[in-house]
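# Report on the structure
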Amino acid sequence: LAKTTQPISMDSYEGQEVNITCSHNNIATNDYITWYQQFPSQGPRFIIQGYKTKVTNEVASLFIPADRKSSTLSLPRVSLSDTAVYYCLVGAHLDSSYKLIFGSGTRLLVRP
Amino acid sequence: KAGVTQTPRYLIKTRGQQVTLSCSPISGHRSVSWYQQTPGQGLQFLFEYFSETQRNKGNFPGRFSGRQFSNSRSEMNVSTLELGDSALYLCASSSPDRRIEAFFGQGTRLTVV
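Report on the accompanying structure. All values reported here derive from a predicted model rather than from experimental measurement.

### Description of the packing of aromatic side chains
Throughout the structure, instances matching the rule amount to 11 aromatic pairs over all chains. Here Tyr 36 of chain A and Phe 46 of chain A contribute two aromatic rings whose centre-to-centre distance is 6.1 Å and whose plane-to-plane angle is 80°, an arrangement assigned as edge-to-face. With Tyr 36 of chain A in strand S3 (residues 32-38) and Phe 46 of chain A in strand S4 (residues 45-50), this pair connects stretches of sequence that are 10 residues apart. Ring plane angle 70° and centroid distance 5.6 Å describe the contact between Tyr 35 of chain B and Phe 45 of chain B, whose orientation is recorded as edge-to-face. Of this pair, Tyr 35 of chain B sits in strand S4 (residues 31-38) while Phe 45 of chain B is found in strand S5 (residues 42-50), placing the two residues 10 residues apart along the sequence.

### Description of the sheet that holds strand S1 (residues 9-13) of chain A
Residues and elements named next belong to chain A. The strand order S1-S9-S8-S3-S4 describes an open sheet built from 5 strands, whose pairing is mixed. At either end of the open sheet lies a strand with only one pairing partner, and these are S1 and S4. With strand direction ignored, the average angle separating the axes of adjacent strands in the sheet is 25°. Direction of pairing for S3 relative to strand S8 (residues 84-91): antiparallel, over a ladder of 7 bridges. Residue pairing for S8: Thr 34 is matched across the bridge by Leu 89.

### Things to note about the pattern of salt bridges
Using the criterion set out here, one finds 7 salt bridges over all chains in the structure. Residue Arg 111 of chain A is joined to Asp 11 of chain A by a salt bridge in which the shortest nitrogen-to-oxygen separation is 2.6 Å. Here the residue Arg 111 of chain A occupies a position in strand S9 (residues 106-111), and Asp 11 of chain A occupies one in strand S1, the gap between them amounting to 100 residues. Judged by relative accessible area, which is 35%, Arg 111 of chain A ranks as partly exposed. The class of Asp 11 of chain A is partly exposed, set by a relative accessible area of 49%. Taking the shortest distance from any N to any O, the salt bridge between Arg 67 of chain B and Glu 75 of chain B comes out at 3.2 Å.

### Quick word on the interface of chain B and chain A
Counting from both sides, the interface comprises 22 residues of chain B and, opposite them, 22 residues of chain A. Roughly 1,800 Å² of surface becomes buried between chain B and chain A when both sides are summed, with 53% attributable to carbon and sulfur atoms. Considering only the surface of chain B that becomes buried against chain A, Leu 43, Arg 99 and Ile 100 of chain B emerge as the three largest contributors, covering 36% of it. Here chain B is connected to chain A by 0 salt bridges. The interface formed by chain B and chain A includes 5 residue pairs in polar contact (both at pLDDT 80 or more). Taken together, the elements giving at least two residues each to the side of chain B that touches chain A come down to S4, S5, strand S6 (53-57) and strand S9 (87-94) of chain B. Residues belonging to the side of chain B that touches chain A are distributed by class as follows: 9 nonpolar, 4 polar and 9 charged.

### What to know about the sheet that holds strand S7 (residues 64-68) of chain B
All names here are of chain B. Overall, antiparallel pairing links the 4 strands, which are arranged S1-S3-S8-S7 in an open sheet. Strands at the two margins of the open sheet, each flanked by one partner only, are strand S1 (5-7) and S7. Recorded for the sheet is a direction-independent mean angle of 20° between the axes of neighbouring strands. By the bridge criterion, 3 bridges tie S1 to strand S3 (residues 19-24) in an arrangement that is antiparallel. When the bridges of S3 are listed, Thr 5 appears paired with Ser 24.

### Side note on the pairing of S3 of chain B
By the bridge criterion, 5 bridges tie S3 of chain B to strand S8 (residues 74-78) of chain B in an arrangement that is antiparallel. Counted as the bridge partner of Leu 21 of chain B is Met 76 of chain B from S8 of chain B.

Reading guide: rules and limits
Counting of residues starts from 1 at the beginning of each chain's written sequence and follows it residue by residue. A letter from A marks each chain and a number from 1 marks each ligand, given out in the order of writing. For a predicted model such as this one, the threshold for reporting local features is a pLDDT of at least 70, and the threshold for listing and counting side-chain atom pairs is 80 or more; totals across whole chains, interfaces and linings nevertheless cover every residue. No hydrogens and no water enter the side-chain calculation; it runs on all heavy atoms of the structure. Pairs were defined over the aromatic rings of Phe, Tyr and Trp, the Trp ring being its six-membered one, requiring ring centres within 6.5 Å. Orientation was assigned from the angle between planes: stacked under 30 degrees, edge-to-face over 60, tilted for the rest. Each helix is a run of DSSP H or I of at least 4 residues and each strand a run of E of at least 2, with the numbering of both proceeding from the N terminus. By this definition, two strands are paired if DSSP reports at least two bridges between them. The angle between two axes is taken between their N-to-C directions and runs from 0 to 180 degrees, where each axis is a line fitted to C-alpha atoms and a helix contributes only its stretch in contact. In the sections that follow, a salt bridge refers to a side-chain nitrogen of Lys or Arg positioned within 4 Å of a carboxyl oxygen of Asp or Glu. Note on exposure labels: buried denotes an accessible area under 20% of the residue type's maximum, exposed denotes more than 50%, and partly exposed covers the range between, all computed with a 1.4 Å probe on protein chains only. By definition, residues are in contact when any of their heavy atoms lie within 4.5 Å. Two parts lose some accessible area (1.4 Å probe) when they are put together, and adding that loss for both gives the buried area. Polar contacts, as used here, are pairs of N or O atoms within 3.5 Å; protein pairs need one atom able to donate a hydrogen and one able to accept it. Residues neighboring in sequence count only if both atoms are side-chain atoms. Side-chain classes are defined by residue name, with Ala, Val, Leu, Ile, Met, Phe, Trp, Tyr, Cys and Pro counting as nonpolar, Asp, Glu, Lys and Arg as charged, and the others, Gly among them, as polar.

Spelled out as structure tokens, the structure:
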């Protein structure tokens, strides 16, 4: 299972773009990169997923370099409601032995 | 499409008692996983069920068990509760071909006194 490393915490201000980088040096060929967001006392929520290059949805963008050893979650123009913990995970969809392994995540604090 | 439903939302139990938590996955999802979240240990994988069979298991004592029914609904049971079992218990479901895209419920907050 690929281990991930991400910053423990980040601070930002409303309206700014936030980039959270995750390292996954041992990512396997079949692994996808998935990001989850979690608010206090709620279950994690799927944000975005990618395999290579760039993926964008209505919430965020995910940038993945060619070597796939890292990825960057980009949150455009954050608001106070984006204050949450963000988790980066890697794994393969069809791997029946895979289990979601959550690291410590990145605690993002958005200030007014 | 209804999301993952967990019941009850909150529970207070006494040490030594047992507890059963329930999870109804998203319709069509046959994989159900359970997680424990505590401030000290973070989110930890308990076990996963697929088609009524336990497919994966985390590093938890045998007091933690689960099962899955033919309609994919799942229950987890904790026997002989300890104070350290106080946690948010989360259930997640996923479709067989999108296993790492999991959908979580709101969780059950268990407090052991």
